[in-house]
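# Architecture at a glance
Spelled out, the chains give:
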Amino acid sequence: MSAQSGKYRRRVGAVRPSHLMFTTGVGALVDLPNIAVLVRGVDDWNYDDVPDWQPITEPRLLRELNKFHDGRHVKQLRPAPWLDGLDADPNGPAARVGVPVVPFPTWLRCTACNELAALDSMAFDFENDKARRPQDARFFHRGCPKKRSGKPPLAVAARFVLACSQGHLDDFPYTHFVHKGADCPKAPKPKLQMEDRGGNIGANVSIRCMACQERRNIRDALGERGRDELPACRGRHPHLGTFEQTGCKQRPVVLVVGASNQWFAQTLSVLSVPEGGASDLQMKVEEHWDQLSTLPPMMYEWARENSPVMKSFAKWGDDELAAMVEKVRAAKEAEASGGSGAEQEQGQPDLLTPEWEIFSAPEAPEPTDDFALYRSPEGVPEALTPYFSDVVQAERLREVRALRAFTRLDAPDPEDPDLVSRAPLSRGELSWVPASEVRGEGIFIRVPEEVLSGWEERIIGSDALRLHQEAYKQFRINRYSGRIPGGFDPMRLWPGARYIALHTLSHLMIRAIALECGYNAASLSERIYAGNEEDPRGGILVYTAVPDAEGTLGGLVSQAEPERLGPLVDKALKGAMRCSSDPLCRERLPQAHSDFLHGAACHVCLFVSETTCEKGNRFLDRRFVVPVDDPKLALYPELP
């Protein structure tokens, strides 16, 4: 991370590549020890001083990103600019490489005299002269009247900003606010003071005009009533250095520097699996639709010899290709006649089907540097055959993650990304997006289809499932009903009962594995393969996905060895029968007026870290896996 302006270009901090995907990416406000900075847009990322950098290769993810961005403009997935050698020579070439940031907010407060002024007022200077101590970078008030011997007093970021749900971010209008929208009668550009007594409570902060002595407390700008005291949003994107030409109709809200809702990432991630199968054929047909849609099947043989496009379809026969072309044509016609609803469905990329096809295939593909599977010749241990139909050891995995956009105030729904307004990553056409790759290992477990389908038949019409469905309906109404014009289907994207059972089983396995394999639970991730009514599936993948050596220690795949898997599953399932929060946890079901989407689940028995769970600890219920309640509700009414 490097501060970038006409004068300063030196490191001010460091983050992991994964942080640029989920925590401190483009447009995010980062609160450093002495300063606050904003990560600039991708237009300002510079790779000129990184001679050997290479884009991250993942065609499947690139195809889905181009669907999301409504075109085929995204051509590359790029890692963050980085050069080795910084520790050895902090003033060398590596010191000039990094993700660019700018100071934000641009209003600072002197910690000695409380003077409040903008950076362009020239009241503050900046120093960052210790190459090995970037954390000492700071602004200071050189002309402070309360300066004592030694260093000038520290100037810190004035800790209030404005944001709106359209993704805009702006400085708090202190001068406008303290004078209630009027000009100061004593001076055109008056000096201000901020009396900040600490804490995150607005009542602890007051603003005073040093010219006219007008004073006002920040609490007047907070809450719904306070929004009327603020000017209209100016449509500012400080990470791009732009303002919306048409302005913004939203009323901004006040945020504190460091607020968790100032930035939410919208990401896509895929596992690098070998290409092949029906899903890969469909993606390639969609990619080359303009050429294939007008080509009759009788011309395929000629096209294979004369058209470079057809070389991509060498592994498929003409009949198979023709059938897929007709399938894609029918889908496009249905989408065209389906209106806005079809358009919303397009926002859900199907990233799991190719992975499911590879993991569930009877024969494992040839191993590569990025992907290697192993299935024991003895198959599933006999004691576990009532519970699992297949166990696969993923000895090598590679996950690629890309940042496709971000939002402010409103967290995006991964299943329905169009429900929130996205902020841009660049000023112009987006030709590349930030990405990172991590390597690890995993265990794939498949539940017998007859077990899952029989369980689904047993719980249809049960009160427990009905309450889960009603809770999901209310959850959607509370969050999204006011954002969608026209009709609103609150049950759209309901994951289904099967998902809840598989998701719960995944969490039970994660918690048991973390105690045995040497990884902490936050280093593990999950992927749930539940499918839908037309294409039911039943599998979970527990894998490591951390950007360091811990991702490939081998301790996870070893848990799938027959002699270890049995005791592990026994511990996971029998452990789910008890929770130290019982009977409160065991009896819990989603109820009206409560805003949660889990049943018999809590931090003691099922919840895991946010980096591990793909649904934020929602859609969990022990009673749907083990018989803590009515045995008919349990996927496994009899435990090993």
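As a convention, each chain's residues are numbered from 1 in the sequence order in which they are written. In keeping with the model being predicted, local features are shown solely for residues with a pLDDT of at least 70 and side-chain atom pairs are shown and tallied solely at 80 or more, while totals for entire chains, interfaces and linings include all residues. To obtain the side-chain values, all non-hydrogen atoms of the structure were included, while hydrogens and water were left out.

Each helix and strand counted, the protein has 15 helices and 25 strands in total. C-alpha atoms define the radius of gyration, and 2.2 Å times the number of residues to the power 0.38 defines the globule rule. At 28 Å, the protein has a C-alpha radius of gyration in line with the 26 Å of a compact globule built from 640 residues. Oriented by its inertia axes, the alpha-carbon framework of the protein measures out at about 85 × 70 × 55 Å. Three exposure classes are used, based on accessible area relative to the maximum for each residue type with a 1.4 Å probe and protein chains only: buried under 20%, partly exposed in between, and exposed over 50%. The burial tally for the protein puts 50% of its 640 residues in the buried class. The contact definition used throughout considers only heavy atoms, calling two residues in contact when any of these lie within 4.5 Å. Here the contacts in the protein between residues at least 6 apart in sequence split such that 68% fall between residues at least 24 apart. Values of accessible area rely on a 1.4 Å probe in the Shrake-Rupley scheme; residue burial ignores everything except the protein chains shown. For the protein, the accessible surface area stands at approximately 30100 Å², while carbon and sulfur atoms represent 49% of it. The secondary structure listing takes helices from DSSP runs of H or I that are at least 4 residues long and strands from runs of E that are at least 2 residues long, numbered from the N terminus.

This next bit is on the confidence of the model for the protein. Put simply, the protein has an average pLDDT of 85, and 91% of its residues get 70 or more. Confidence of the prediction at every residue is given by pLDDT, a number between 0 and 100. Across residues 339-347, confidence stays below pLDDT 50; counting only partners more than four residues off in sequence or on other chains, it has ten contacts.

Take the packing of aromatic side chains next. Any two rings among Phe, Tyr and Trp, with Trp reduced to its six-membered ring, count as a pair given centres within 6.5 Å; such a pair is stacked if its planes are under 30 degrees apart, edge-to-face if over 60, and tilted if neither. The tally for this structure, following the rule as stated, stands at 22 aromatic pairs. Taking 4.8 Å as the distance between ring centres and 50° as the angle between the ring planes, the aromatic pair formed by Phe126 and Phe139 counts as tilted. Here Phe126 is found in strand 9 (residues 125-127), whereas its partner Phe139 is found in strand 10 (residues 138-140), with 13 residues between them in sequence. Given the relative accessible area of 11%, Phe126 is considered buried. A centroid spacing of 5.1 Å and a plane angle of 10° characterise the contact between Phe359 and Phe444, whose relative ring orientation is stacked. Here Phe359, found in helix 10 (residues 353-360), pairs with Phe444, found in strand 23 (residues 432-446); they are 85 residues apart in sequence, far enough to count as distant. With respect to burial, Phe359 and Phe444 carry one shared label: buried. An aromatic cluster of at least three residues, connected via ring pairs, comprises Trp107, Phe160, Phe172, Tyr174 and Phe177.

Strands belonging to one sheet form pairs held by backbone hydrogen bonds; the direction of such a pair is parallel or antiparallel. Across the sheet, which stays open at both edges, the eight strands sit in the order 9-10-11-7-8-14-15-16 with antiparallel pairing between neighbours. One side of each edge strand has no neighbouring strand; the edge strands of this open sheet are strand 9 and strand 16 (215-217). If you compare each strand with its neighbour and ignore which way they point, the axes differ by 35° on average. At least two bridges found by DSSP between two strands is the condition for calling them paired. The axes used here are C-alpha line fits, helices contributing only the stretch in contact, and every angle between their N-to-C directions lies in the interval 0 to 180 degrees.

Counting through the fold element by element, Lys151 comes out in the loop between strand 10 and strand 11 (154-157). Since its relative accessible area comes to 57%, Lys151 is described here as exposed. Measuring from C-alpha to C-alpha, the distance between Lys151 and Leu240 comes to 34 Å, with 89 residues separating the pair along the chain. When neighbours within four sequence positions are excluded, Lys151 is seen to be in contact with Glu127, Lys130 and Arg138.

What follows concerns the sheet that holds strand 12 (residues 160-163). Taken together, the three strands give an open sheet; going across it, the order is 13-12-19, and neighbouring strands pair in antiparallel fashion. Each end of this open sheet is capped by a strand with a single partner; those strands are strand 13 (169-171) and strand 19 (253-256). Strand-to-strand twist in this sheet, taken as the mean axis angle between neighbours without regard to direction, amounts to 40°. One ladder, built from three bridges, connects strand 12 with strand 13; its direction is antiparallel. Within strand 13, the position partnered with Val161 by the bridge is Asp171.

With respect to the secondary-structure elements, Arg466 resides in helix 12 (residues 463-480). Among the residues examined, Arg466 registers a relative accessible area of 35% and is labelled partly exposed. Along the backbone, Arg466 and Pro590 are 124 residues apart, and their C-alpha atoms lie at a distance of 9.5 Å.

One way to put it is that helix 13 (residues 497-516) packs onto helix 14 (residues 562-575) with a least axis distance of 9 Å and a crossing angle of 120°. Considered as vectors, helix 13 and helix 14 are oriented oblique to each other. Crossing of helix 13 against helix 14: the hand is right-handed. Between helix 13 and helix 14, the contacting residues are Leu505, Leu508, Met509, Ala512, Ile513 and Glu516 on the first element and Leu568, Val569, Lys571, Ala572 and Leu573 on the second. Three categories are distinguished: nonpolar for Ala, Val, Leu, Ile, Met, Phe, Trp, Tyr, Cys and Pro, charged for Asp, Glu, Lys and Arg, and polar for the others, with Gly belonging to the last. Looking at the contact of helix 13 with helix 14 residue by residue, the class counts come to nine nonpolar, no polar and two charged. If an angle is under 35 degrees, it is roughly parallel; if it is over 145, roughly antiparallel; if it lies from 65 to 115, roughly perpendicular; otherwise it is oblique. We call a crossing left-handed when the near helix sits turned anticlockwise from the far one by less than a right angle, and right-handed when that turn is clockwise.

The subject of this paragraph is the pattern of salt bridges. A side-chain nitrogen of Lys or Arg and a carboxyl oxygen of Asp or Glu constitute a salt bridge if their distance falls within 4 Å. Evaluated as defined, the whole model comprises 36 salt bridges. Asp390 is the salt-bridge partner of Arg375, the closest N and O atoms lying 3.0 Å from each other. Residue Arg375 is found in the loop between strand 21 (372-374) and strand 22 (390-407), and its partner Asp390 is found in strand 22; the two are separated by 15 residues along the sequence. Arg375 gets classed as partly exposed once you look at its relative accessible area, which sits at 24%. Here Arg401 ties to Glu399 by a salt bridge, and the two come within 3.2 Å at their closest N and O atoms. Across the pair, Glu399 and Arg401 agree in class, each one buried.

This part is about helix 10. When you tally the buried positions in helix 10, you get seven out of eight residues, the bulk of the element. Listed as buried for helix 10 are Thr353, Pro354, Glu355, Trp356, Ile358, Phe359 and Ser360.

We now examine unusual backbone geometry. The omega torsion of the bond from Phe104 to Pro105 falls at 0°, within 30 degrees of zero and hence cis. Mapped onto the elements of the fold, Pro105 is located in the loop between strand 6 (100-103) and strand 7 (107-110). Asp582 connects to Pro583 through a cis peptide bond whose omega is 5°. Unusually for a residue other than glycine, Met122 sits at a positive phi of about 65°.

Nonpolar side chains collect at one region of the surface, where Met298, Met299 and Trp302 lie side by side and expose about 370 Å² of accessible area between them. With respect to the element layout, Trp302 can be found in helix 7 (residues 300-306). Using a relative accessible area of 49% as the deciding quantity, one classes Trp302 as partly exposed. Patch membership requires more than 30% relative accessible area and the absence of a salt bridge. Residues of like charge join within 9 Å; the nonpolar side chains Val, Leu, Ile, Met, Phe, Trp and Tyr join within 5 Å.

Let us now look at the nonpolar core. Only buried residues count toward a nonpolar core, which is a set of Ala, Val, Leu, Ile, Met, Phe, Trp, Tyr and Cys residues joined through side-chain atoms within 4.5 Å. Ranked by size, the top nonpolar core spans 64 residues in total, and within it Phe388, Leu505, Met509, Ile513, Leu573 and Tyr636 carry the most contacts. Counting residues per element, this core draws most heavily on helix 13, which supplies eleven residues. Among all residues touching Met509, those that are not within four sequence positions of it are Ile445, Ile540, Leu568, Val569 and Ala572.

Next up on the list: helix 14. What a helix is expected to span follows from its residue count: subtract one and scale by 1.5 Å. Under the 1.5 Å per step criterion, the end-to-end length of helix 14 is 20 Å for 14 residues, consistent within 8% with the ideal 20 Å. All of the buried residues along helix 14 are Leu565, Leu568, Val569, Ala572 and Leu573. Each buried residue of helix 14 sits inside an arc of 120° when the element is viewed along its axis, so together they form one side. By definition, the arc is the one covered by directions from the helix axis to the C-beta atoms.

Pairs of cysteine sulfur atoms within 2.5 Å are identified as disulfides in what follows. All told, the structure shown has zero disulfides when counted by the stated rule. With no disulfide of its own, Cys144 lies 3.7 Å from the sulfur of Cys110, the closest cysteine sulfur. With no disulfide of its own, Cys209 lies closest to Cys212 among cysteine sulfurs, the gap being 3.5 Å.

Here Ala405 lies in strand 22. Considered as a pair, Ala405 and Leu425 are 20 residues apart in the sequence and their alpha carbons are 6.2 Å apart.

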